Amino acid sequence: MPAVQFRIARPTNQLDKLIAFYEEGLGLKRVGEFWNHEGYDGIMFGLPDSQYHLEFTQSKGKMELPQPTKEHLLVFYVGDRLERDNIADRLTALAYLEAEPENPYWGRGGLTFEDPDGWPIVLMNTPGI
């Protein structure tokens, strides 16, 4: 596929809380943003030097949002266990507590948190595929 960029976009009704979670807590880099663009605000986060982005958007009116399940996972493979634990400590300082994963695999080497919208985030300290 000749695509040059890949972005996952998700709506929210609490953009400010998601910004704090992903930027301050996880430490993702802000790679773009827009405000009051045709009734939407949005923010994009990515990993350094990567063409993979997460985008969160919020409209002026409250949106009906899908409910996450415990199996809708965003998994970050963090090679350094101390760094993974530092990220977990930042999330805890922002009042996000570790959650029990549905699948026990993610509890072996991973720490699971839920973002402000309830979507599970796993910080894995095992090699990715």
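In what follows, the structure referred to is the one given above.
A few points on the structure. (Residues numbered from 1 in each chain as written. Predicted model: local features only at pLDDT ≥ 70, side-chain atom pairs only at ≥ 80, totals over all residues. Heavy atoms only, no water.)

The mixed open sheet is built from four strands, whose spatial order is β1-β4-β3-β2. If you trace the sheet from one side to the other, it starts and ends with β1 (6-11) and β2 (29-37), each paired once. Each neighbouring strand pair of the sheet contributes to a mean axis angle of 15°, computed without reference to strand direction. The pairing of strand β3 (residues 40-46) with strand β4 (residues 52-59) spans seven bridges and is antiparallel. Pairing of Asp41 across the sheet is with Gln58, part of β4. (Pairing = 2+ DSSP bridges. Helix = DSSP H or I, 4+ residues; strand = E, 2+ residues; numbered from the N terminus. Axes fitted to C-alpha atoms, helices over the stretch in contact; angles between N-to-C directions.)

Now for the environment of Gly79. Among the secondary structure elements, Gly79 is positioned in the loop between β5 (74-77) and α2 (81-93). Sequence separation between Gly79 and Pro127 is 48 residues; the distance between their C-alpha atoms is 7.0 Å.

We now examine the pairing of β2. Two strands pair when backbone bridges link them, and β2 and β3 are joined in this way by six bridges, in the antiparallel orientation. Each bridged residue has a counterpart across the sheet, and for Gly32 the counterpart in β3 is Met44.

Let us now look at the packing of aromatic side chains. Under the criterion given, the structure shown has seven aromatic pairs. Between Phe21 and Tyr96, the aromatic rings sit 4.9 Å apart at their centres with planes inclined by 85°, giving edge-to-face as the arrangement. Of the two residues, Phe21 is situated in helix α1 (residues 15-25) and Tyr96 in the loop between α2 and β6 (110-114); the sequence distance between them amounts to 75 residues. Assessed through its relative accessible area of 17%, Tyr96 is described here as buried. Judged by centre distance (4.7 Å) and plane angle (35°), the rings of Tyr22 and Phe56 are tilted. One end of the pair, Tyr22, is in helix α1; the other, Phe56, is in strand β4, and 34 residues separate them in sequence. Phe56 carries the same exposure label as Tyr22, and that label is buried. (Phe/Tyr/Trp six-rings, centres within 6.5 Å; stacked < 30°, edge-to-face > 60°. Buried < 20%, exposed > 50% of the residue type's maximum accessible area, 1.4 Å probe, protein only.)

Bringing the sheet that holds β6 into the picture now. Taken in spatial order, the three strands of this open sheet run β5-β7-β6, and their pairing is mixed. With partners counted over all chains shown, the strands left at the sheet margins are β5 and β6, one partner each. Strand-to-strand twist of the sheet, defined as the mean angle between neighbouring strand axes without regard to direction, takes the value 20°. Pairing between β6 and strand β7 (residues 120-124): five bridges, direction antiparallel. Residue pairing in the sheet places Glu114 in a bridge with Pro120 of β7. α2 rests against β6 and β7 of the sheet, and its axis sits at about 25° to β6. (Contact = heavy atoms within 4.5 Å.)

Let us now look at the pairing of β7. Counting buried positions along β7 yields five of five residues, so the element is predominantly enclosed. Both faces of β7 are covered, namely the face carrying Pro120, Val122 and Met124 and the face carrying Ile121 and Leu123. Pairing analysis gives four bridges linking β5 to β7, with the strands arranged parallel. Among the inter-strand pairings, Leu74 is bridged to a residue of β7, identified as Ile121. What sits between β6 and β7 in their antiparallel hairpin is a turn of five residues, with Gly118 showing a positive phi close to 90°.

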